[in-house]
Amino acid sequence: MIFYSTKTASIKASAEEAIFNSLPADNGLYMPESIPTLSPDFISNIENKTFNEIAVEITHTLFGDEITRSEVETLINQAYDFDAPVRQINEKDYVLELFHGPSMAFKDFGARFMAAIMSHYLARSKRKIQILVATSGDTGGAVAQGFYKIPGISVTILYPSGKVSEIQERQLTTPGHNVTAIEVDGTFDDCQKLVKEAFLDPELNARFNLASANSINIARLIPQSFYYFSAYAQLKKLGKPIVFAVPSGNFGNLSAGLLAYRMGLPVERFVAATNLNNAVPRYLESGTYEPLPSIETISNAMDVGNPSNFVRFQRFFNDDWKSATEKVSGFYFDNEQTKTAMREVSETSQYVMCPHTAVAYQGLQAYREENTSDYTGVFLATAHPAKFIDLVEETLEKQIEIPERLKSLLSIEKVATSMNSSFSEFKKLLLSTLN
Ligand SMILES: *Cc1c(COP(=O)(O)O)cnc(C)c1O
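Since the structure is predicted, the reported quantities are computational estimates derived from the model, not experimental observations.

(A) Structural detail: empty space enclosed by the protein. Evaluation of the coordinates by the stated rule reveals three cavities of 30 Å³ or more. Size it by volume and the largest cavity reaches roughly 250 Å³. Taken together, 23 residues form the lining of the largest cavity, with F106, K107, G249, N250 and A301 sitting closest to its centre. Among the secondary structure elements, those contributing two or more residues to the lining of the largest cavity are helix 6 (138–147), helix 10 (218–224) and helix 12 (252–262). Grouping the constituent residues of the lining of the largest cavity by class yields eight nonpolar, 12 polar and three charged. The calculated volume of the second largest cavity comes to roughly 40 Å³.

(B) Examining the site of the ligand more closely. Around the ligand, 15 residues are found, and the nearest of them are K107, D138, G249, N250 and T382. One of the backbone nitrogen or oxygen atoms of N250 is found 2.8 Å away from an oxygen atom of the ligand. Note that an oxygen atom of the ligand is positioned 3.1 Å from one of the backbone N or O atoms of G252. Relative to its unbound accessible area of 380 Å², the ligand is 98% covered by the protein chains. Because more than half of its atoms lie within 2 Å of the grid, the ligand is assigned to the largest cavity.

(C) Broad picture of unusual backbone geometry. Phi at K126 takes a positive value of approximately 55°, unusual for a residue other than glycine. Mapping K126 onto the fold places it in the loop between helix 5 (107–125) and strand 6 (129–134). The exposure class of K126 is exposed, given its relative accessible area of 76%. In the Ramachandran plot, K149 falls in the positive-phi region, its phi being about 65° despite a non-glycine side chain. On the secondary structure map, K149 appears in the loop between helix 6 and strand 7 (153–160).

(D) Representation of the packing of aromatic side chains in the model. Using the criterion set out here, one finds 24 aromatic pairs in the structure. Judged by centre distance (6.0 Å) and plane angle (70°), the rings of F20 and Y121 are edge-to-face. With F20 in helix 1 (residues 15–21) and Y121 in helix 5, this pair connects stretches of sequence that are 101 residues apart. By relative accessible area, which is 6% here, F20 ends up buried. With relative accessibility at 1%, the residue Y121 sits in the buried group. Judged by centre distance (5.9 Å) and plane angle (35°), the ring pair of Y80 and F109 falls under tilted. Placement of Y80 in the loop between helix 4 (69–79) and strand 4 (86–88) and of F109 in helix 5 is noted, with a sequence separation of 29 residues between them.

(E) The nonpolar core, seen in detail. Among the nonpolar cores identified, the biggest contains 100 residues, and F63, F244 and F313 are the most heavily contacted of them. Of all the elements, helix 5 adds the most residues to this core, at 10 residues. The residues touching F63, leaving out its near neighbours within four places in the chain, are M1, A15, I19, F113, I117, Y121 and I222. Within the second largest apolar cluster, 39 residues are counted, among which are M302, V345, F379 and I389.

(F) Structural context of the pairing of strand 13 (residues 376–381). Of all six residues in strand 13, six are buried; the element is thus mostly enclosed. Taken together, the five bridges between strand 5 (residues 93–97) and strand 13 define a ladder with parallel strand orientation. Bridge assignment links L96 to a residue of strand 13, and that residue is L380.

(G) The arrangement of helix 6 in detail. Judged by how many residues are buried, helix 6 sits mostly within the fold: nine of 10 residues are covered. Within helix 6, the full set of buried residues consists of D138, T139, G140, G141, A142, V143, A144, G146 and F147. At its buried positions, helix 6 is contacted by helix 5, strand 6, strand 7, helix 7 (166–173), strand 8 (179–184) and helix 10. Phi turns positive one or two residues past the end of helix 6, at K149, with a value near 65°.

(H) A look at the pattern of salt bridges. One pass over the structure, following the stated rule, counts 21 salt bridges. Here E33 and K12 are joined by a salt bridge, their closest N and O atoms 2.8 Å apart. Taken as a pair, E33 in the loop between strand 3 (30–32) and helix 2 (40–44) and K12 in strand 2 (residues 12–14) lie far apart in primary sequence, 21 residues in all. You can call K12 partly exposed: its relative accessible area is 44%. Of the charged contacts in the structure, one is a salt bridge between E73 and R69, with a shortest N-O distance of 4.0 Å. Highlighted residues: E73 and R69, both in helix 4, separated by four residues, approximately one helical turn. Residue classification places E73 among the partly exposed residues on the basis of a relative accessible area of 36%. Here the residues in one salt-bridge network are E57, R69 and E73, joined through shared partners.

Calculation rules
- In this numbering scheme, every chain counts its residues from 1 along its sequence in written order.
- The predicted origin of the model limits local features to residues at a pLDDT of at least 70 and limits the giving and counting of side-chain atom pairs to 80 or more, whereas totals for whole chains, interfaces and linings rest on all residues.
- The side-chain numbers reported here are obtained from all heavy atoms of the structure, hydrogens and water having been left aside.
- Only protein atoms enter the calculation, which uses a 1 Å grid: trapped sets of points that fit a 1.4 Å probe without letting it out are cavities, open sets showing protein on both sides within 12 Å along at least five of seven lines are pockets, and any residue with an atom within 4 Å of a point is a lining residue.
- Grid points are joined across faces, edges and corners, and a volume is the space filled by probe spheres set on the points.
- Helix numbers and strand numbers start at the N terminus; a helix is a DSSP run of H or I with at least 4 residues, a strand a run of E with at least 2.
- Charged means Asp, Glu, Lys or Arg here, nonpolar means Ala, Val, Leu, Ile, Met, Phe, Trp, Tyr, Cys or Pro, and polar covers whatever is left, Gly included.
- Working definition: residue near molecule or strand if any one of its non-hydrogen atoms lies within 4 Å of it.
- Polar contacts, as used here, are pairs of N or O atoms within 3.5 Å; protein pairs need one atom able to donate a hydrogen and one able to accept it. Residues neighboring in sequence count only if both atoms are side-chain atoms.
- Note on areas: Shrake-Rupley with a 1.4 Å probe; residue coverage comes only from the protein chains shown.
- Pocket occupancy is defined atom-wise: a molecule lies in a cavity or pocket when more than half of its atoms are within 2 Å of its grid points.
- Buried residues are those whose accessible area, probed at 1.4 Å on protein chains only, stays under 20% of the maximum for their type, while exposed residues exceed 50% and partly exposed ones sit between those limits.
- Working definition: rings of Phe, Tyr and Trp (its six-membered ring) pair if their centres are within 6.5 Å, and the pair is stacked with planes under 30 degrees apart, edge-to-face with planes over 60 apart, and tilted otherwise.
- Nonpolar core, defined: a set of buried Ala, Val, Leu, Ile, Met, Phe, Trp, Tyr and Cys residues in which side-chain atoms within 4.5 Å join the residues together.
- Residue contacts are defined here by distance: any two heavy atoms, one from each residue, within 4.5 Å place the two residues in contact.
- Two strands pair if DSSP finds at least two bridges between them.
- A pairing counts as a salt bridge when a side-chain nitrogen of Lys or Arg comes within 4 Å of a carboxyl oxygen of Asp or Glu.

Everything listed here is a matter of geometry and, on its own, says nothing about what the molecule does.
Here it is in structure tokens:
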């Protein structure tokens, strides 16, 4: 599979280069030069396939001869010992639960694949790499769990101080070993900017093999397409077109849905559901993209003012606004609307949603108001509600259960280095701590 840069089409990279470089030298984003489709035969029998079988088929189709099919099977089975079940919560709504992995958020799908494919390549070359990643909450936990103790890889995670939940913070500050946490006095955008600057810094690049694990990395994006196919496999028997409502921040998840669509997945429509960080829904409405500084909301993993994957999102539609509006509908919601949805679904369907998931649920309802044709509506549940326990319990005015996996974290001491958002300080820290 060959990738090109969204800024300079003549800059090309192999899959291995794209995965380890993360960003092309011109600061664009890597996109696959051509997108192969799954065989129609596979899609017509997909209801009989397991999640891992689907993941193997997609990976093999994309990577072709670069990795043998049996190596692909090994790495998929190493990455995934958890599923993406679809559940029906009421007469018309289905939820795709993406929180059954080690950090209990959907980012496990990307992080686990990325760790597995990087260790596959590193085992061949005996290199060492340093991963830098900014998190708005769930990336940190997923990356920490995904890369924990993987030989040849050390991980530095930057997170905005006070803007992630307690459980999220513990997930990334407690593993230790090859995982280091940096608590930044700033926003997620500040953290992301520091990481981007590090990748463009000649001195750091001369010293270290830097790699990213953010959703800009193609190795995170590709595996997120697996669960769209898996959801289709589970819902195919209903015989209706499918509408996916995706709670969106950096737009990696939705871009992966578009990749799945371009690989042949039948999708009626995508609903891009955001909080008040609504640059993409406004773009879909007006045709003008006007990113704004990020705003804090209760769905904090989606507090992204200027989504990194927007360029990819556009590229999937050949940068044509009208085509985008024919496949994607955008809606955005404020905190009060989100809380109302959480209460409503808890009361009427006895289903507890995290605030991000609630935004997707609302997006689906808003779409239903505009479009009453017959389709199956699925909203993506991107995190387990217990990851945001304080907010969820306060909103629902009742206690919810905490899975053992999360409960045990709360008794472990956090370890993190505090820093302001200046690049020179960050650079000094990397030079003195990485090796
Ligand atoms: C990261 C995250 C999102 C946003 O996903 P993007 O791919 O950045 O759009 C939504 N919900 C949760 C729980 C997340 O952690």
